[in-house]
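# Per-entry structural report
Residue-level listing of the chains:
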Amino acid sequence: MTPPATPNPGDVNQKLVEQYTEIARLAGALAHEIRNPLSTIRLNMELLAEDYRETDSPGGQRRLRKIEVVDRECRRLENLLDDFLSFAKVRRLNLQPSDLNEHVKQVLDFFRPQAAKANLEVVDYLAGDLPTVLLDRESFRSALLNLVLNAEQAMPDGGQLVVRTYGTADGVAMDLIDTGCGMDRESCAKVFDAFYSTKRGGSGLGLPTARKIVEAHGGSILLQSELGRGSQFTVKLPTPARLPAEG
């Protein structure tokens, strides 16, 4: 009797990739289908709210408050769907030789007005001799912005965000250090799990999406945190062999 053939690991991996791609495609299509009627509901809630804003009767004001609750929850669901679509997206990266510092500067410049309103001090220490790395401009900046916004949410009463870059033995690294509320060991172990969030109303998809993007670049993201003292996220990116360290 002929023994069953041993599966080729490459074929198995390819099959898993194809299955994941199909699941992600179906999930994305479902999210789009949900968002369309949700947008219609929210639009009609807004129109209905306008009608009740014109009345001063107690009954009308009660109805208005209920309508505003529905509208607020619709907006929250729309934001959740947007986050989910970003997380489930199958990314085909357009990798280009890039200066990590330039991406960091542009994200921080975009964030500074919001940081000022939130009473956050943003400090950057960007090494001037970084080797060139391969980055997909759009997706990497999205990951970095997710990390910056996560730091902001961890400091509701204000604080300091330090961003620093430096070279490593095989690439570059970036630290984002906040003086926020920090996390306990259990939260640190779960923080990159989809839909896990310690923040009220959070989707729990920002950090998992950031990790997916960093890992798609061949990098890694690490977390160190202490409850009540803040957190440090470290992103490490490799330098391809064909792009040796400059200088």
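Parameters and conventions
Residues numbered from 1 in each chain as written. Predicted model: local features only at pLDDT ≥ 70, side-chain atom pairs only at ≥ 80, totals over all residues. Heavy atoms only, no water. Axes fitted to C-alpha atoms, helices over the stretch in contact; angles between N-to-C directions. Helix = DSSP H or I, 4+ residues; strand = E, 2+ residues; numbered from the N terminus. Left-handed = near helix turned anticlockwise from the far one by under 90°. Contact = heavy atoms within 4.5 Å. Nonpolar A, V, L, I, M, F, W, Y, C, P; charged D, E, K, R; others polar. Pairing = 2+ DSSP bridges. Parallel < 35°, antiparallel > 145°, perpendicular 65-115°, else oblique.

It is worth spelling out the packing of helix 4 (residues 137-153) against helix 6 (residues 206-216) at this point. Geometrically, a packed helix pair is captured by the angle between its two axes and the distance between the axes. In the contact formed by helix 4 and helix 6, the axes pass within 9 Å of each other and the chain directions differ by 145 degrees. As for how helix 4 packs across helix 6, the hand of that crossing is left-handed. When helix 4 is examined against helix 6, the residues Ser139, Phe140, Ser142, Ala143, Asn146, Leu147 and Asn150 are found in contact with a partner set consisting of Gly206, Leu207, Thr209, Ala210 and Ile213. Considering only residue class, the contact of helix 4 with helix 6 consists of six nonpolar, six polar and no charged.

This part covers the sheet that holds strand 2 (residues 120-126). Overall, mixed pairing links the five strands, which are arranged 2-4-5-7-6 in an open sheet. Because the sheet does not close on itself, it has two edges, and the strands there are strand 2 and strand 6 (220-226). The sheet shows a mean angle of 15 degrees between the axes of neighbouring strands, taken without regard to direction. Direction of pairing for strand 6 relative to strand 7 (residues 230-238): antiparallel, over a ladder of seven bridges. Looking across to strand 7, one finds that Ile221 is bridged to Val235. Against the sheet, helix 6 engages strand 6 and strand 7, with an angle of about 20 degrees to strand 7.

Between helix 3 (residues 100-117) and helix 4, the shortest axis-to-axis distance is 10 Å and the interhelical angle comes to 45 degrees. Comparing the axis directions of helix 3 and helix 4 gives the class oblique. Handedness of the helix 3/helix 4 crossing: right-handed. Contacts between helix 3 and helix 4 involve Leu100, His103, Val104, Gln106, Val107, Leu108, Phe110, Phe111 and Gln114 from the former and Arg137, Phe140, Arg141, Leu144, Leu145, Val148, Leu149 and Glu152 from the latter. Per-class residue counts for the contact of helix 3 with helix 4 are 11 nonpolar, three polar and three charged.

The values reported here are purely geometric and, on their own, carry no functional implication.
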